[in-house]
Every structure is written in structure tokens, then in C-alpha cells.
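Chain and residue survey
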Amino acid sequence: MPNLLDYDAAGLEALLAGWGEKPFRARQLLRWVHQLGESDFAAMTDLAKSLRARLATDADVTLPRVRADSRSADGTRKWLLDVGAGNAVESVLIPEPDRRTLCISSQAGCALECAFCATGRQGFNRNLSTAEIIGQLWWANHCLAREQTIETHADRRMVTNVVMMGMGEPLANFDNVVAALRLMIDERAYGLSRRRVTVSTAGLVSGIDRLRDACPVALAVSLHAPNDALRDRLVPINRKWPIDALLAACLRYLDRAPRDFITFEYVLLEDVNDRPEHARELVARLRGVPCKVNLIPFNPFAGSGFERSPREAVARFRDILMRASLLTTVRRTRGDEIDAACGQLAGQVQDRTRRKARREAEATP
Ligand code: SF4
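Residues numbered from 1 in each chain as written. Predicted model: local features only at pLDDT ≥ 70, side-chain atom pairs only at ≥ 80, totals over all residues. Heavy atoms only, no water.

**Observations regarding the site of the ligand**
Surveying the vicinity of the ligand reveals the residues Cys110, Leu112, Glu113, Cys114, Cys117, Gly120, Gly168 and Ala202. Residues that form the shell around the ligand fall into these classes: five nonpolar, two polar and one charged. (Near = heavy atom within 4 Å. Nonpolar A, V, L, I, M, F, W, Y, C, P; charged D, E, K, R; others polar.)

Below, the structure written as C-alpha cells:
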């Protein structure tokens, strides 16, 4: 049975056309399901009775089941969502005075195995469906609306920004992620500005080029090293697409991007990539690429083998970048006591790659 959360506007029009319905019905349905958060077809009062009856028998709106809901003292909130067969993914809501950012997962696990990432340690099971991706936004908005006393939908304080930075590599699940992105920016669905929707990639060059053509939104790239030797170790996809190829793809992307810069994420690992010479090499490497650098103090997790850079090392690194006129921010750690901080999301993954078992065997003396 079709789950309506799996369809973007074009998909929904095609589904309804097959039922003999006009395209404007798809617009009505998008509004009900995504903008108003309605999952009961009987409540969709401006739809023809016959269509409501057909929807009730031949379609549904099914969300991942929420297994856990945790809150951190700083207001960060994390949901663990069951996606079946023993897998669960996480999404994180970060409220700030002027915005509410939702960090969304795109895969159950991740196959890319970045050395410092808790998700990568879990192995990989499968891509999430469009419904499972957009369902995270639907659910967060539903919870925000439920907790507010404001009655009119227009006044609700919904999610304002989305970052595809949760579990998984979004560009490795291209079609489902793009359908979800189209819903996020669709005026009839969530109506978010392209500038407020960010895809974060470890550097899949072919995916960056495809995204530029299919649905350009803001782009963040997990760089984490200023040279290929170090990046090969920290972000193994670099062996396929080294830094020069990645930066060239970033420049091509900027032709169509809604923002005139790329964000480079750089997690600072003590004595690994946080020395002054790394900062100076990074400055040289990024010359000519309009960008912002987001420094992320590492969020340790058990068995990671890395330490967070000391505060002085973070400040020194930042100052070298800023002196070279690179726009640089240091990410404030949010939600680390509920393991909701960047790189800490692990969910629950039935690993199909045997990577996790292999690593555990290697670690056993
Ligand atoms: S950092 Fe991103 S791409 Fe790398 S293993 Fe973690 S989730 Fe995957």
C-alpha cells in the first residue's frame, strides 16, 4: 500500500493521476499531510468524499515508530526511531532563540567508515526510504505543535532549518534524499528556504554534481584534513575522490548553490589534525574557494581512539584561519550528555557489512 510520505509533488501527482484524479488534488494532499501534519484522511475536509474513501482503503501515512525521546539540559532533543528489522535511527532537534534546527538521518548506519564517527562504527544496514527521512521532519513538527498552545497552524513555531548531518551519507542514498529535499522546500509542504536546508557530505564528488542539477540546497563538506595522506586515514572515501577533485566539485556546485559559499566541517582531534601546520596547510588548500570553516571539537565516544583537542589548540587553529581571512566558527557542543552531539549518533544498526564484527575481533587481544 503506498505510504504518502514516500511521494514528492511529482510522485503524488502521478499516483493520483493513476486513480483518475486531477493534479490539484496532489497539492491539497501535500498541504494536509506535510503542512498541517494530518494523517487521518477523514479529517481532510476539502477533498472529495470519493477520494477520501479511496485513500482510506488504498493508501496510508505511516511514520517510523518512536522508540525513545530524550532531552538534554540545554534543550536539545533526540528521538530514536524504529525503522524495522532491529534497526533504529536518530534525529536531533536543536532549539535556539531564533531558529529550530533538525538534524536528520539518511541511512541506517553508514558504509563510509570515517575513523572518528560513532555512526561509521556501527556498520551499515540500508538506505532509509523517503518516508523515513521526511517522517523525521513530520514528527519533529508534530511534537513542536503539540507542545504549543498556539491554535493556528500559521503561528506554530516549527522546524526552521534542516541539516542532513545525522546517521549516514545522504548522497549515497541520492534518490530518496532528493525526494525528501524537494518536500522540504516545497511551498505546499514544508516551505523551507533552500538556504536553510543543508546537505552534508563526506565528499562524494559524483553526488555533489548530481545534487547541483537535481535540487541545489546549501552544501557542507566534511573535510577534516588539509592533505590527502591524513584525509585518506580519517575519511576513507578520499582515496576515491581526493581533495583536489572534491574542491573542484565544490566550485562547480557554487554555480547553482543558494548560498555563495561552501561550509567545510573540520573535527579537531588532538595531535592528529589540530596542529598549527595543519591550519596553515588548510589555509593554502582553501585559497580560491568561497567558504566558511566550521571547527568541531571532537565528541568522544567509547573506543574511538581519539581525544578532543584542548581549548587552547582549538583557539590557536581558529586564529590562524581567521588571520588568513577565512570565515571560521567553532561549533558549540550541544546535547552531548544524551549522545546527540555531532559524530555521536549511533542508533541501532544490524550491520550487513561485517565491519563492526571485524573491528571488534581486531581489538580483542
Ligand atoms: S562522518 Fe558521515 S559519512 Fe563518515 S562514517 Fe560518519 S555518518 Fe558516515
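**Description of the nonpolar core**
One finds Leu4, Phe116, Leu181, Met184, Leu211, Leu234 and Phe264 to be the most contacted residues of the largest nonpolar core, which totals 116 residues. Sorting elements by how many residues they give to this core places helix H5 (residues 130-146) first, with nine residues. Each of domain 1 (4-58) and domain 2 (65-363) contributes no fewer than three residues to this core. Look past the residues within four positions of Leu234 in its chain and what remains in contact with it is Cys114, Ala115, Phe116, His224, Ala225, Leu269, Val272, Asn273 and Phe306. (Core = buried A, V, L, I, M, F, W, Y, C linked by side-chain atoms within 4.5 Å. Buried < 20%, exposed > 50% of the residue type's maximum accessible area, 1.4 Å probe, protein only. Helix = DSSP H or I, 4+ residues; strand = E, 2+ residues; numbered from the N terminus. Domains from an automatic or database assignment. Contact = heavy atoms within 4.5 Å.)

**Quick look at the packing of helix H7 (residues 205-214) against helix H9 (residues 243-254)**
Orientation of H7 relative to H9, taken along the N-to-C sense of each, is 5°, at an axis distance of 9 Å. When the axis of H7 is compared with that of H9, the two are roughly parallel. Between H7 and H9, the contacting residues are Val205, Ile208, Asp209, Leu211 and Arg212 on the first element and Ala245, Leu246, Ala249, Arg252 and Tyr253 on the second. Of the residues in the contact of H7 with H9, the class split is seven nonpolar, no polar and three charged. (Axes fitted to C-alpha atoms, helices over the stretch in contact; angles between N-to-C directions. Parallel < 35°, antiparallel > 145°, perpendicular 65-115°, else oblique.)

**Describing the pattern of salt bridges**
Tallied over the entire structure, the rule returns 19 salt bridges. For Arg318, the salt bridge is made with Asp319, and the minimal N-O distance between the two is 3.1 Å. A relative accessible area of 29% places Arg318 in the partly exposed class. One continuous salt-bridge network, built from bridges that share partners, spans Asp69, Arg71, Arg77 and Glu147. (Salt bridge = Lys/Arg side-chain N within 4 Å of Asp/Glu carboxyl O.)

**Overview of the domain arrangement of the chain**
Under the domain assignment, the chain is made up of domain 1 (4-58) and domain 2 (65-363). The C-alpha-based centres of domain 1 and domain 2 are spaced at 32 Å. Contacts between domain 1 and domain 2 engage 15 residues on the former and 16 residues on the latter. It is Leu5, Asp8 and His34 that lose the most area in domain 1 upon contact with domain 2, and together they represent 39% of the buried surface on that side. Remark: the boundary between domain 1 and domain 2 carries one salt bridge. Between Arg182 and Asp8 there is a salt bridge, and its shortest N-O distance comes to 4.0 Å. Counting across the domain 1 and domain 2 interface gives six residue pairs in polar contact (both at pLDDT 80 or more). The element that contributes the greatest number of residues to the side of domain 1 that touches domain 2 is helix H2 (residues 23-35), accounting for six residues. A breakdown of the residues in the side of domain 1 that touches domain 2 according to their chemical character gives six nonpolar, four polar and five charged. (Buried area = accessible area lost by both parts, 1.4 Å probe. Polar contact = N/O pair within 3.5 Å; in protein donor to acceptor, adjacent residues only side chain to side chain.)

**Considerations on the packing of aromatic side chains**
Scanning the entire structure with this criterion turns up three aromatic pairs. Within the aromatic cluster, the residues linked to one another by ring pairs are Phe298, Phe301 and Phe306. In this structure, Arg31 is placed above the aromatic ring of Trp32, and the distance from its NZ or CZ to the ring centre is 5.9 Å. (Phe/Tyr/Trp six-rings, centres within 6.5 Å; stacked < 30°, edge-to-face > 60°. Lys NZ or Arg CZ within 6 Å of the ring centre and 35° of its normal.)

**Structural notes on the sheet that holds strand S1 (residues 65-71)**
Sheet architecture is open: 10 strands sit in the order S1-S2-S3-S4-S7-S8-S9-S10-S11-S12, paired in mixed fashion. If you trace the sheet from one side to the other, it starts and ends with S1 and strand S12 (327-330), each paired once. Shown here is a sheet whose adjacent strand axes are inclined to one another by a mean of 20°, direction ignored. (Pairing = 2+ DSSP bridges.)

**Comments concerning the packing of helix H6 (residues 174-185) against H7**
In contact at an axis separation of 11 Å, H6 and H7 are set at 35° when each is read in the N-to-C sense. Between H6 and H7 the crossing geometry is right-handed. Where H6 abuts H7, its residues Phe174, Asp175, Val178, Leu181 and Arg182 lie against Gly207, Arg210, Leu211 and Ala214. Taken together, the residues that form the contact of H6 with H7 break down as five nonpolar, one polar and three charged. (Left-handed = near helix turned anticlockwise from the far one by under 90°.)

**Description of helix H10 (residues 276-286)**
Given 3.6 residues per turn, any residue in an α-helix points the same way as the ones three and four places further on. Among all positions in H10, only His278, Ala279, Leu282, Val283 and Leu286 are buried. Mapping the buried residues of H10 onto a view down its axis gives an arc of 140°, with all of them on the same face. Buried residues in H10 make contact with helix H8 (228-234), H9, strand S10 (262-268), strand S11 (291-297) and helix H11 (311-323). Gly288 occupies a position one or two residues after H10 and carries a positive phi of about 90°. (Arc of directions from axis to C-beta.)

**Details of unusual backbone geometry**
A positive phi angle is found at Ala85, which is not glycine, with a value near 50°. Here Ala85 shows up in the loop between strand S2 (77-84) and strand S3 (87-96). Residue classification places Ala85 among the exposed positions, given a relative accessible area of 73%. Phi at Glu113 takes a positive value of approximately 60°, unusual for a residue other than glycine. Classification of Glu113 by relative accessible area gives partly exposed; the value is 24%.

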